[in-house]
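Secondary and tertiary structure notes
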Amino acid sequence: AQKITQTQPGMFVQEKEAVTLDCTYDTSDPSYGLFWYKQPSSGEMIFLIYQGSYDQQNATEGRYSLNFQKARKSANLVISASQLGDSAMYFCAMREGRAGRRALTFGSGTRLQVQP
Amino acid sequence: GAGVSQTPSNKVTEKGKYVELRCDPISGHTALYWYRQSLGQGPEFLIYFQGTGAADDSGLPNDRFFAVRPEGSVSTLKIQRTERGDSAVYLCASSPGTGEGYTFGSGTRLTVV
């Protein structure tokens, strides 16, 4: 079974509008962390936001917020006031809390295109 | 250095040849990770070092792949008898060893012809 599922291969959004990128995850570990990364065409993975499984509040970082619904096992990324520079691939990733396990498992990504 | 540095940025090699990919992590980061990203996919975990030792090598696909980090800083990913299916971008990341702060490099694009 896929551990991280991103069902939107591509998304379009108008500049200045908000967009939600979907991510669902699968784990039986009670302790885990969820990450979102942006990958522009240059190839570098840029960290955006993190949510721990025990965090009581949804994470926010500037224009990025994470809509964490634990019971549904979803961790959607919301980008407010989209900018042309937001056009990139976006990856959701999970780290499970098993002792010694620090690797990230990534989804297949969503390509976001911001239109002027 | 200021960021994670990977060299070379591009590598073209012939099938069957041996290649080495280098990763220079952020100074002071004790944890180092290698990932492989095939075209149109998310990165896949290969190996994780804590200091000099490989703490988790469960992602290495077969025994043609090997990685070292002899002094706990720079790491080299080594691929023997390369195959066309090894063509991908190889990403390196480092972290302080605690907390969630992974920093990725720009990757090495390996093409096996």
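Refer to the preceding data block for the structure.
Just so it is clear, the structure is predicted and the values come from calculations on it, not from any experiment.

Procedures and definitions
Along each chain, the written sequence defines residue order, and numbers are assigned to residues from 1. All chains are assigned letters beginning at A, and all ligands numbers beginning at 1, according to the order in which they are written. Restriction of local features to residues with pLDDT of at least 70 applies here, the model being predicted, together with a cutoff of 80 or more for giving and counting side-chain atom pairs; totals for whole chains, interfaces and linings are based on all residues. Think of the side-chain values as coming from all heavy atoms in the structure, minus any hydrogens and water. Among buried residues, the Ala, Val, Leu, Ile, Met, Phe, Trp, Tyr and Cys ones that are joined through side-chain atoms within 4.5 Å form a nonpolar core. Per-residue accessibility, obtained with a 1.4 Å probe over protein chains only, is compared with the maximum for each type, and a residue is labelled buried under 20%, exposed over 50%, and partly exposed between these values. A run of H or I in DSSP becomes a helix once it reaches four residues, and a run of E becomes a strand once it reaches two; helices and strands are each numbered from the N terminus. Contacts are assigned to residue pairs that have any heavy atoms within 4.5 Å of one another. Think of a 1 Å grid over just the protein atoms. A cavity is a set of points where a 1.4 Å probe fits yet cannot get out, a pocket is an open set with protein on both sides within 12 Å along at least five of seven lines, and lining residues have an atom within 4 Å of a point. Grid points are joined across faces, edges and corners, and a volume is the space filled by probe spheres set on the points. Any residue outside Ala, Val, Leu, Ile, Met, Phe, Trp, Tyr, Cys, Pro, Asp, Glu, Lys and Arg is labelled polar, Gly included; the first ten of those are nonpolar and the last four are charged. As used here, buried area is the combined drop in accessible area, with a 1.4 Å probe, of two parts when they are placed together. For salt bridges, the criterion is a side-chain nitrogen of Lys or Arg within 4 Å of an Asp or Glu carboxyl oxygen. Under the rule applied, a polar contact is a pair of N or O atoms within 3.5 Å (in protein, one hydrogen donor and one hydrogen acceptor; residues adjacent in sequence only if both atoms are side-chain atoms). Note on aromatic contacts: the rings of Phe and Tyr and the six-membered ring of Trp form a pair at centre separations within 6.5 Å, being stacked when their planes are under 30 degrees apart, edge-to-face when over 60 apart, and tilted otherwise. Counting as a charge over the ring demands two things of the Lys NZ or Arg CZ atom: a distance within 6 Å of the ring centre and an angle within 35 degrees of the ring normal. When the sulfur atoms of two cysteines come within 2.5 Å, that pair is taken as a disulfide.

In terms of nonpolar packing, the biggest core is built from 24 residues, with Tyr25(A), Trp36(A), Ile49(A), Leu77(A) and Tyr90(A) touching the most fellow members. Of all the secondary-structure elements, those providing two or more residues to this core are strand 3 (19-21), strand 5 (32-39), strand 6 (46-52), strand 8 (64-69), strand 9 (74-79), strand 10 (88-96) and strand 12 (110-115) of chain A. Considering each element in turn, this core owes the most residues, 4 residues, to strand 10 of chain A. Look past the residues within four positions of Tyr90(A) in its chain and what remains in contact with it is Gln6(A), Leu21(A), Trp36(A), Tyr37(A), Lys38(A), Leu48(A), Leu77(A), Ile79(A), Gly109(A), Thr110(A) and Leu112(A). Ranked by size, the runner-up nonpolar core spans 20 residues in total, among them Val19(B), Phe65(B), Ala67(B) and Cys92(B).

Moving on, we get to the layout of surface pockets. Estimates place the volume of the largest pocket at around 580 Å³. Taken together, 27 residues form the lining of the largest pocket, with Gln39(A), Gln37(B), Leu39(B), Val89(B) and Arg109(B) sitting closest to its centre. Where the lining of the largest pocket is concerned, the elements lending two or more residues are strand 10 of chain A together with strand 9 (88-95) and strand 11 (108-112) of chain B. Within the lining of the largest pocket, the residues separate by chemical class into 9 nonpolar, 16 polar and 2 charged. The volume enclosed by the second largest pocket comes to roughly 320 Å³. Sorting the residues of the lining of the second largest pocket by element identifies strand 1 (4-5) and strand 11 (105-106) of chain A together with strand 5 (44-50) of chain B as the ones contributing at least two each.

Glancing now at the interface of chain A and chain B. Contact with chain A, which involves 18 residues of that partner, is made by 21 residues of chain B. Both faces considered, chain A and chain B share a buried interface measuring about 1500 Å² in area, 49% of it formed by carbon and sulfur atoms. The three residues of chain A that bury the most area against chain B are Met45(A), Arg102(A) and Phe106(A), which together make up 35% of that side's buried surface. Linking chain A with chain B are 0 salt bridges. At the junction of chain A with chain B, the criterion picks out 5 residue pairs in polar contact (both at pLDDT 80 or more). When contributions to the side of chain A that touches chain B are tallied by element, the ones reaching two or more residues are strand 5 and strand 10 of chain A. When residues of the side of chain A that touches chain B are assigned to their parent elements, the largest contribution, 3 residues, is made by strand 5 of chain A. When the residues that make up the side of chain A that touches chain B are grouped by side-chain class, the tally is 8 nonpolar, 6 polar and 4 charged.

Another aspect to go through is the pattern of salt bridges. All names here are of chain A. All told, the structure shown has 7 salt bridges over all chains when counted by the stated rule. Put simply, Lys-73 and Asp-26 hold a salt bridge, and the shortest N to O gap is 3.9 Å. Separated by 47 residues along the polypeptide, Lys-73 in the loop between strand 8 and strand 9 and Asp-26 in the loop between strand 4 (24-25) and strand 5 bring together distant segments of the chain. Judged by relative accessible area, Asp-26 falls into the partly exposed class, the value being 37%.

Our focus in this paragraph is the packing of aromatic side chains. Per the counting criterion, the structure on display carries 16 aromatic pairs over all chains. Consider the rings of Tyr37(A) and Phe104(B), whose centres lie 5.3 Å apart with planes at 80 degrees: the pair is edge-to-face. Here the residue Tyr37(A) occupies a position in strand 5, and Phe104(B) occupies one in strand 10 (residues 103-104), the pair thus bridging two chains. For the pair shown, Tyr37(A) and Phe104(B) are each scored as buried. Taken together, Phe35(A), Tyr37(A), Phe47(A), Tyr50(A), Phe91(A), Phe106(A), Tyr33(B), Tyr35(B), Phe45(B), Tyr48(B), Tyr102(B) and Phe104(B) form an aromatic cluster joined through their ring pairs. The positively charged end of Arg63(A) is found above the aromatic ring belonging to Tyr64(A), 5.7 Å away from the centroid.

Going through the model one piece at a time under the given rule, you end up with 2 disulfides over all chains. A sulfur-sulfur distance of 2.0 Å marks the disulfide that ties Cys23(A) to Cys92(A). Note on the Cys23(A) and Cys92(A) pair: the S-S dihedral is about -65 degrees, so by sign convention the disulfide is left-handed. Highlighted residues: Cys23(A) in the loop between strand 3 and strand 4 and Cys92(A) in strand 10, separated in sequence by 69 residues. What pairs with Cys23(B) in a disulfide is Cys92(B), and their sulfur atoms sit 1.8 Å apart. Judged by the torsion about the S-S bond (-70 degrees), the Cys23(B)/Cys92(B) disulfide is left-handed. Of the two residues, Cys23(B) sits in strand 3 (residues 19-24) while Cys92(B) sits in strand 9, which places them 69 residues apart along the sequence. What makes Cys23(B) buried here is its relative accessible area of 0%.

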